[in-house]
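# Structural description and commentary
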Number of protein chains: 2
Amino acid sequence: MTEAPLPPGRAIGILGGGQLGRMLAMAAARLGLITRVFDPDPSAPAAQVCAGHVCAPWDDAAALTRFAERVDVITYEFENVPLATLDILAPLRPIRPDARALATGQDRLAEKRLFAGLGLGTAPFAAVEDAGGLTAALAKIGTPAILKTRRLGYDGKGQARIAEPGDAPAALAALRGAPAILEGLVDFEREISVIAARGAEGAVVCFDPGENTHAEGILRRTVVPARLSPAQRTEAVLAAGRILTALDHVGVMGVEMFVTPSGLLVNEIAPRVHNSGHWTQAGCAVDQFEQHIRAVAGWPLGDGRRHADVEMENLIGDDIARVPEIAREADTTLHLYGKAEARPGRKMGHVNRIRRG
Amino acid sequence: MTEAPLPPGRAIGILGGGQLGRMLAMAAARLGLITRVFDPDPSAPAAQVCAGHVCAPWDDAAALTRFAERVDVITYEFENVPLATLDILAPLRPIRPDARALATGQDRLAEKRLFAGLGLGTAPFAAVEDAGGLTAALAKIGTPAILKTRRLGYDGKGQARIAEPGDAPAALAALRGAPAILEGLVDFEREISVIAARGAEGAVVCFDPGENTHAEGILRRTVVPARLSPAQRTEAVLAAGRILTALDHVGVMGVEMFVTPSGLLVNEIAPRVHNSGHWTQAGCAVDQFEQHIRAVAGWPLGDGRRHADVEMENLIGDDIARVPEIAREADTTLHLYGKAEARPGRKMGHVNRIRRG
C-alpha cells in the first residue's frame, strides 16, 4: 500500500465501542483524527468520547452502510465481529486489519496451524469435530488437556478441562457441539505477551514483552519488563514479527506466549489492541492504541521504546470499589471505562503503576 | 468543603471547548467521568471527544440553564468567561474555580495587587485610566515599559510597548480607552511557570517548574526541569501555593514567574490548566488536566512527581505541516487539537519529547 496517510480531520470507524474502542478513540483524537463507533449497545463506553455512535445490530446493512459512508477507514476492537458484517463493509471502505487476520484470530485451530506452519512452538493440539475425534485427539495428546471451542472464546469462556479420559463426554457436552480444538496442557514458567504493530508498508514494531498473571481465566496483571533472558526476549519479538508478517496484518496484534523449559510456545493471537498492552499508556511515548491508529491511518509507527517500567492491574467487578484508595497512590494512573454496572468478571478499568528503579 | 467526591458516571460541564477543554474532557474520561461542553463555536475541538456540546452564545440564559441541569459541577478552560455567564450558572451548580479566582485572573491589575499584597515580587506597575494617569505612571516606572489592557489580554494581544515617553500617546490610542496597567520592563534571566493545583479540601500540589520560551508573545516551548537552584525552585513553588491558597482556588492554576538577578517576580496567573503545563502529559502519572478534574470533582489530587524530563513544543499555524516528520521521532508524543484551519498564530497542537538522561 502506498496511499497517503490519513490527514488530521479525517474519520476512522471503529467496530465495537467497549473499553478498547474507547481508548482507540482517545488515541485517535490526540492525532487530530475523528472517530465514529458502531456498537449495538446504547451505553457503549466509547460513545462518550467519540464524534458519533451508530447504535444498530451487526446485521443491519443500512446502518452499516451509513456508518461506512461517514468514515475513511474501518477498524475493530474485538475479533468476534461477524464476518457477514465485514462482507457488507468491505466493498465500501478499507478494513484494517483485513478479514484474513480477523478470520485467523477468530479460530483457535487456524491460529495454531499458522504458528506451526511458521515453525513456531505451540502446545500439542488436534482438531475435534465429534466424540470420535475427541477420543483420537486424547490418544494423541493425552491428559490433562483442555477442550476449547474454535470460535468466540475469550476470558476463559468456551473451555472445558479434561483431567482424565473419563471427563471427555462432559467436556464435549459443555461445548454443545461447537467445532473444537483439544490442546495439551503446557507446563510453563510464565506467560508473556508481545504487543506488536505492523504498518501499512510492512514495518513491524514490537513493544517490550510483558509478563501476565491470570485468575479465573481473566488477565489480572501485566508487568513490564517480563523476566526473560535476552535470547528469550529476541525469540519472542521475532516470533511476533513473523506472525504479523505472515498474515499481512495492518494494526496492532497481541501475541500470547508461554515460557517453558523447552522454549517459547505461542499460545494465541488477538488481531487488535490487547489488555496486556495497556501498560504502554504509561511506559511509551506512543501507546498501543495510538500505534494501532497510526497503522490503520497509514501513519509511520511510533518507536515502541519503553521509557519506564510499569505494572498494569485490571480492575474487575468489585475492584472498582478500590478506586478512592488507588486515586491516592503515587506514580499511578487510573483508567476507568465509564461502565455503569460492576458485574462479577466485568473489566471496569485498569491501573498503570510506574516502577522506579 | 466536605462533600463526597463525584463518582464515575457523573458529569462535569466545561465552559469553552478549545484544546484545553478537549484535553480536560479526555482526562475526565480516564476517570470514568462524563463531560459536556458549552461553546458558541460549532467546530469547538472538545465537541469531538465529549458526551455533549451545547452550542449557544455566552448570554443565552436558556441554553446555559439547560447545560447546567445536565451536569453536576461546572468548570472552565479559559479565564475570559463573561462574569454575567457565571451569574446565570452559579445558582444552579457549583463552579470551580469560583468567580473570585476568575475575576482576579481576568484583571492584570487585580493580579498584581494580589501578588504585592502577599509580599511576592512583581514588576513595577501602576494603574492607568487615561492620558494623565499614563504620564504619572511613566514618571513612577520609567521607560521602557509596557502598557497592557487590564482585561482580555492573552498571547501578546492588548499590549503596546513604550520605549520612550514620546510613544505614550500612540500606546494609549492602541488600547482604545480600555482600563490599563503600565508595567516596567523586567530584565529577567528566564521565564518559568509553576502549574499548581489546589483540592477542594485545601491541599496544594505543584508540578515541577518549567522553563518557557516565547516568540511574538506566544509560548513556543517549555522545558522541564527548569534551570533553577534548589532555593529558587522552593521559592517558586511556595509562591504558587500562597497564591492558590489566598484565592481559595479549587483546580489547576498556571503561575508565570520571572527569574531575575534580584529574585523571583510573579508575572501573571491563569486560573485554569495552562499551555506551559502540557509537558505533564508525558512526565507525570497524573497530568495537569486530570489534576484539574480531580480538584473540580473533589477527588484526592495526584502526587505531581515527575518521572521523566520533558520538552514541550507548541505547533503554531504552519507548524502543522511538520507533523509527518514529527510522527517519525523517537520518544515523542503528538497532541493535535482537531482544528481544521491553520491560521497564523493559531495553536494547532503540541509535542512532548521525553529527554533521556
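For the structure, check the block above.
First, a word on what this report is: a plain description of the structure on this page. Per chain, the residues get numbers from 1 upward, laid out in the order the sequence is written. All chains are assigned letters beginning at A, and all ligands numbers beginning at 1, according to the order in which they are written. Where local features are concerned, this predicted model is filtered to residues with pLDDT of at least 70; where side-chain atom pairs are given and counted, the filter is 80 or more; whole-chain, interface and lining totals use all residues. Side-chain metrics in this entry use all non-hydrogen atoms of the structure; hydrogen atoms and water are not considered.

### Some details on the packing of helix α1 (residues 19-30) of chain A against helix α10 (residues 288-296) of chain A
Residues and elements named next belong to chain A. Orientation of α1 relative to α10, taken along the N-to-C sense of each, is 70°, at an axis distance of 8 Å. Viewed along their axes, α1 and α10 adopt a mutual orientation that is roughly perpendicular. Of the two elements, α1 crosses α10, and the hand of that crossing is right-handed. Contact residues: L20, M23, L24, A27, A28 and R30 in α1; F289, E290, H292 and I293 in α10. Classifying every residue of the contact of α1 with α10 by side-chain character gives seven nonpolar, one polar and two charged. Axis lines are fitted through C-alpha atoms, for helices just across the contact stretch, and the angle between N-to-C directions can take any value from 0 to 180 degrees. Think of it this way: any DSSP run of H or I at least four residues long counts as a helix, any run of E at least two long counts as a strand, and we number them from the N terminus. Each angle gets one of four labels, with under 35 degrees taken as roughly parallel, over 145 as roughly antiparallel, 65 to 115 as roughly perpendicular, and the rest as oblique. What makes a crossing left-handed is the near helix being turned counterclockwise from the far one by less than a right angle; a clockwise turn instead makes it right-handed. The contact criterion used throughout is that any non-hydrogen atoms of two residues lie within 4.5 Å. Classification convention: Asp, Glu, Lys, Arg as charged; Ala, Val, Leu, Ile, Met, Phe, Trp, Tyr, Cys, Pro as nonpolar; all other residues, Gly among them, as polar.

### What to know about the nonpolar core
Among the nonpolar cores identified, the biggest contains 100 residues, and A:L334 and B:L334 are the most heavily contacted of them. Leaving out residues up to four positions away in the same chain, B:L334 has contacts with A:R30, A:L31, A:R294, A:W299, B:L315, B:V323, B:I326, B:A327, B:H350 and B:V351. By nonpolar core we mean a set of buried residues, namely Ala, Val, Leu, Ile, Met, Phe, Trp, Tyr and Cys, connected to one another through side-chain atoms within 4.5 Å. The cut-offs for exposure are 20% and 50% of the maximum accessible area for each residue type, with area from a 1.4 Å probe on protein chains only; residues under the lower value are buried, those over the upper are exposed, and the others partly exposed.

### Here we look at the environment of B:R150
All names here are of chain B. You can see R150 is positioned in the loop between β6 (145-149) and β7 (159-162). Overall, the relative accessible area of 19% leaves R150 in the buried class. Here the alpha-carbon distance between R150 and S229, two residues 79 residues apart in the chain, equals 33 Å. Side-chain atoms alone can form a polar contact between residues adjacent in sequence; in general such a contact is a pair of N or O atoms within 3.5 Å, and within protein one must be able to donate a hydrogen while the other accepts it. One polar contact links R150 to D107, side chain to side chain, over a distance of 2.5 Å.

### A word on the sheet that holds strand β6 (residues 145-149) of chain A
Residues and elements named next belong to chain A. When DSSP finds at least two bridges between two strands, those strands are taken to pair. Sheet architecture is open: four strands sit in the order β5-β8-β6-β7, paired in antiparallel fashion. Edge positions in the sheet fall to β5 (125-128) and β7 (159-162), since each of these pairs with one other strand and no more. Within the sheet, the average angular offset between the axes of one strand and its neighbour, ignoring direction, is 25°. By the bridge criterion, four bridges tie β5 to strand β8 (residues 180-184) in an arrangement that is antiparallel. For V128, the partnering residue across the bridge sits in β8 and is A180. Strands in contact with helix α5 (residues 108-117) are β5, β6, β7 and β8; relative to β5, the strand with the most contacts, it is inclined by about 145°.

### With respect to the packing of aromatic side chains
Residue and element names in this part refer to chain A. Side-chain rings of Phe, Tyr and Trp (the six-membered ring for Trp) are treated as a pair once their centres are within 6.5 Å; stacked means planes under 30 degrees apart, edge-to-face means over 60, and tilted covers the remaining angles. Counted by the stated rule, this structure contains 10 aromatic pairs over all chains. A centroid spacing of 4.3 Å and a plane angle of 20° characterise the contact between F188 and F258, whose relative ring orientation is stacked. Of the two residues, F188 sits in the loop between β8 and β9 (190-198) while F258 sits in strand β13 (residues 251-260), which places them 70 residues apart along the sequence. Using a relative accessible area of 37% as the deciding quantity, one classes F188 as partly exposed. An aromatic cluster is built from F38, W58, F67 and F78, whose rings are joined through pairwise contacts.

### Re the interface of chain B and chain A
The interface is formed by 38 residues belonging to chain B together with 38 residues belonging to chain A. Two parts placed together each lose some accessible area under a 1.4 Å probe, and adding up what both lose gives the buried area. Buried surface at the junction of chain B and chain A, summed over both partners, amounts to about 3100 Å²; 58% is from carbon and sulfur atoms. Among the residues chain B hides against chain A, the three largest losses belong to B:R30, B:Q48 and B:H307. Together they make up 16% of the total. Basic side-chain nitrogens of Lys or Arg form a salt bridge, by our definition, when they fall within 4 Å of a carboxyl oxygen of Asp or Glu. Applying the counting criterion to the chain B and chain A interface returns two salt bridges.

### Quick look at the sheet that holds strand β1 (residues 11-15) of chain A
Residue and element names in this part refer to chain A. Spatially, four strands are ordered β3-β2-β1-β4 in an open sheet, and the strand pairing comes out parallel. Looking at strand neighbours, the two that pair on one side only are β3 (52-54) and β4 (73-76), the edges of this open sheet. Mean inter-strand twist for the sheet, computed between neighbouring axes without regard to direction, equals 25°. Bridge analysis of strand β2 (residues 34-38) against β3 gives three bridges, and the strand direction is parallel. Along β3, the bridge assignment pairs V37 with H53. α10 contacts β1 and β4 of the sheet and is inclined by roughly 145° relative to β4.

### A word on the pattern of salt bridges
Think of it this way: side chains of opposite charge can pair up when their charged atoms draw near. Tallied over the entire structure, the rule returns 56 salt bridges over all chains. Of the charged contacts in the structure, one is a salt bridge between A:R322 and A:D319, with a shortest N-O distance of 3.8 Å. Here A:D319 falls in the buried class, since its relative accessible area comes to 14%. With a shortest N-O distance of 2.5 Å, B:D107 and B:R150 are connected by a salt bridge. Here B:D107, found in the loop between α4 (99-105) and α5 (108-117), pairs with B:R150, found in the loop between β6 and β7; they are 43 residues apart in sequence, far enough to count as distant. A residue is classified by how much of its surface remains accessible, and B:D107, at 4% relative accessible area, is buried. Three or more residues are tied together by salt bridges with common partners; here these are A:R220, A:R221, A:E311, A:E313, A:D319, A:R322, A:E329, A:R353 and A:R355.

### Quick word on unusual backbone geometry
Residues and elements named next belong to chain A. Note the cis peptide between T143 and P144, where omega equals -5°. Locating P144 in the fold gives a position in the loop between α6 (131-141) and β6. Even without a glycine there, the phi angle at D248 is positive, about 55°.

### What to know about the pairing of β1(A)
Residues and elements named next belong to chain A. Counting buried positions over the five residues of β1 gives five, a clear majority of the element. On β1, burial covers both faces: A11, G13 and L15 on one face and I12 and I14 on the other are all buried. Examined bridge by bridge, β1 and β2 share five bridges and lie parallel to one another. Residue pairing for β2: L15 is matched across the bridge by F38. With the strands pointing away from the viewer, any crossover whose connection runs clockwise from the first strand over the helix to the second is right-handed. Read as a crossover between parallel neighbours, the route from β1 over α1 to β2 is right-handed. Bridge count for β1 against β4 is four bridges, and the pairing is parallel. Bridged to I12 within β4 is V73.

### Considerations on the packing of α1(A) against helix α1 (residues 19-30) of chain B
Between α1(A) and α1(B), the shortest axis-to-axis distance is 11 Å and the interhelical angle comes to 160°. For the element pair α1(A) / α1(B), the angle class is roughly antiparallel. Of the two elements, α1(A) crosses α1(B), and the hand of that crossing is left-handed. Two secondary-structure elements touch here, α1(A) through A:R22, A:M26 and A:A29 and α1(B) through B:R22, B:M26 and B:A29. Residues belonging to the contact of α1(A) with α1(B) are distributed by class as follows: four nonpolar, no polar and two charged.

### Section: the state of the cysteines
Disulfide: a covalent bond connecting the sulfur atoms of a pair of cysteines. All names here are of chain A. Pairs of cysteine sulfur atoms within 2.5 Å are identified as disulfides in what follows. One pass over the full model with this rule turns up zero disulfides over all chains. Just so you know, C55 is unpaired, no disulfide at all, and the nearest cysteine sulfur is the one on C50, 11 Å from it. With relative accessibility at 40%, the residue C55 sits in the partly exposed group.

### Let's talk about the relation of the copies chain B and chain A
A least-squares fit on C-alpha atoms brings the copies together, and the residues used are those whose pLDDT is at least 70 in both copies. Taken as rigid bodies, chain B and chain A are interconverted by a rotation of 180° and an axial shift of 0.0 Å, the fit giving an RMSD of 0.0 Å. Taken together, the turn and the small shift mark the pair as related by a two-fold rotation axis. Judged by C-alpha distance, B:V49 is the residue of chain B that lies nearest the rotation axis, at 2.1 Å. Residue by residue, 100% of the interface of chain B is reproduced at the interface of chain A, so both copies engage with the same surface.

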